[in-house]
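An overview of the molecular structure
Single-letter residue listing:
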Amino acid sequence: MNTANPSRFARRLGFALLLLTAWFIGMAALRYALPGPPFAPPLPNLATQRELLVLHAVAGGLALMLGPWQFVKRLREQRPGLHRAIGWGYASSLLVGGLTALPLALQANGGPLAQLGFGLLGLLWLATTAIALVHIRARRVAAHRRWMLRSFVLTAGGITLRLQILAGSAFDVPVEAFYTALAWTSWLPQALWLEWWLWRSAPGAPQPEPSWPDTQLDGG
């Protein structure tokens, strides 16, 4: 196997890890729909805006679990109907998750800077998905895929946030000590990285050798 470039095996392994992580965290988010959710963190919104938080957690969890399947090339080509159904499920979940994120952000711990970070994330989450839908309705497939990538990289902020909380716990750092930073570090670095990757992947842009196929994350 040629290991000099990002191989099909490496892409499939990375995609499998993404799927497992997304499903694990997405399923964990669904527990908020249970009465007296187990292992729930002491979030003020769980007491003051429980209904909104439950809707946000469940919808965000579903979006996180559905999103990766949108980038499976074989599914897009061989089962386009299923691809569209998953896409509409993702968009519907994201609509609920994004709309509920905005009022929750206004009450986020960490003060105005944290509230701004989570609020901006919610707005961008909704906007990128809406733009992706506009492009696919106009049959601009390449643009649709780019904006779906932007949408999902924000959805994956749910993964990044929890990984950072786990890293803090491993070093006995309480989440309250860096919650304001989490409002930005959970999504902004990966969003900026994606913009760089899309720029490097654009036709006519200077390409590293070798370049990755556009939006083909699963190696299929």
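Residues numbered from 1 in each chain as written. Predicted model: local features only at pLDDT ≥ 70, side-chain atom pairs only at ≥ 80, totals over all residues. Heavy atoms only, no water.

Taken residue by residue, the chain gives an average pLDDT of 85. The fraction at 70 or more is 84%. Low pLDDT, under 50, characterises residues 207–215; the stretch is placed with 16 contacts to residues that sit more than four places away or in other chains. (pLDDT = per-residue confidence, 0-100. Contact = heavy atoms within 4.5 Å.)

Further remarks concern the layout of surface pockets. What the second largest pocket holds in volume is close to 520 Å³. Along its surface, the second largest pocket is lined by 20 residues, and Gln-70, His-83, Arg-84, Ile-136 and His-144 are the ones closest to its centre. Within the residue set of the lining of the second largest pocket, elements represented by two or more residues are helix H5 (80–106), helix H6 (111–137) and helix H7 (141–155). Here the element with the most residues in the lining of the second largest pocket is H5; it accounts for seven residues. Of the residues in the lining of the second largest pocket, the class split is nine nonpolar, six polar and five charged. (1 Å grid on protein atoms, 1.4 Å probe; cavity = no way out; pocket = protein on both sides within 12 Å on 5 of 7 lines; lining within 4 Å. Points joined across faces, edges and corners; volume = space filled by probe spheres on them. Helix = DSSP H or I, 4+ residues; strand = E, 2+ residues; numbered from the N terminus. Nonpolar A, V, L, I, M, F, W, Y, C, P; charged D, E, K, R; others polar.)

Glancing now at the nonpolar core. Leu-64, Tyr-90, Leu-149, Phe-152, Leu-154, Ile-159 and Leu-194 are the most contacted members of the largest nonpolar core, which totals 23 residues. Of all the secondary structure elements, the ones that give two or more residues to this core are helix H1 (8–30), helix H3 (50–66), H5, H6, H7 and helix H10 (188–201). By residue number, the principal contributor to this core is H7, which donates five residues. Within the second largest apolar cluster, nine residues are counted, among which are Ala-108, Phe-118, Leu-161 and Phe-178. (Core = buried A, V, L, I, M, F, W, Y, C linked by side-chain atoms within 4.5 Å. Buried < 20%, exposed > 50% of the residue type's maximum accessible area, 1.4 Å probe, protein only.)

Before going further, it helps to examine the environment of Glu-176. Relative to the assigned elements, Glu-176 resides in the loop between helix H8 (157–170) and helix H9 (179–185). Owing to a relative accessible area of 58%, Glu-176 belongs among the exposed residues under this scheme. Expressed as a C-alpha distance, the spacing of Glu-176 and Ile-165, which sit 11 residues apart in the sequence, is 9.9 Å.

Positive phi, normally seen in glycine, also occurs at Arg-139, with a value near 60°. Within the secondary structure, Arg-139 is located in the loop between H6 and H7. Its identity is not glycine, yet Asp-172 carries a phi of approximately 60°, on the positive side. Judged by its relative accessible area of 71%, Asp-172 falls in the exposed class.

The next point concerns the side chain of His-144. Among the secondary structure elements, His-144 is positioned in helix H7. Ignoring anything within four residues of it in the chain, the contact list for His-144 reads Ala-132, Leu-133, His-135 and Ile-136.

Here we come to the packing of aromatic side chains. Using the criterion set out here, one finds five aromatic pairs in the structure. When the centroid spacing of 6.5 Å and the interplanar angle of 85° are considered together, the rings of Phe-15 and Trp-69 count as edge-to-face. With Phe-15 in helix H1 and Trp-69 in the loop between H3 and helix H4 (73–78), this pair connects stretches of sequence that are 54 residues apart. When its relative accessible area of 9% is taken as the criterion, Phe-15 is described as buried. Judged by relative accessible area, Trp-69 falls into the partly exposed class, the value being 33%. A cation sits over an aromatic face here: Arg-150 above Trp-147, 4.3 Å from the ring centre. (Phe/Tyr/Trp six-rings, centres within 6.5 Å; stacked < 30°, edge-to-face > 60°. Lys NZ or Arg CZ within 6 Å of the ring centre and 35° of its normal.)

Let us now look at the pattern of salt bridges. Going through the model one piece at a time under the given rule, you end up with one salt bridge. A salt bridge links Arg-150 to Glu-195, with the shortest nitrogen-to-oxygen separation between them at 2.7 Å. Separated by 45 residues along the polypeptide, Arg-150 in helix H7 and Glu-195 in helix H10 bring together distant segments of the chain. Note on Glu-195: relative accessible area 34%, which makes it partly exposed. (Salt bridge = Lys/Arg side-chain N within 4 Å of Asp/Glu carboxyl O.)

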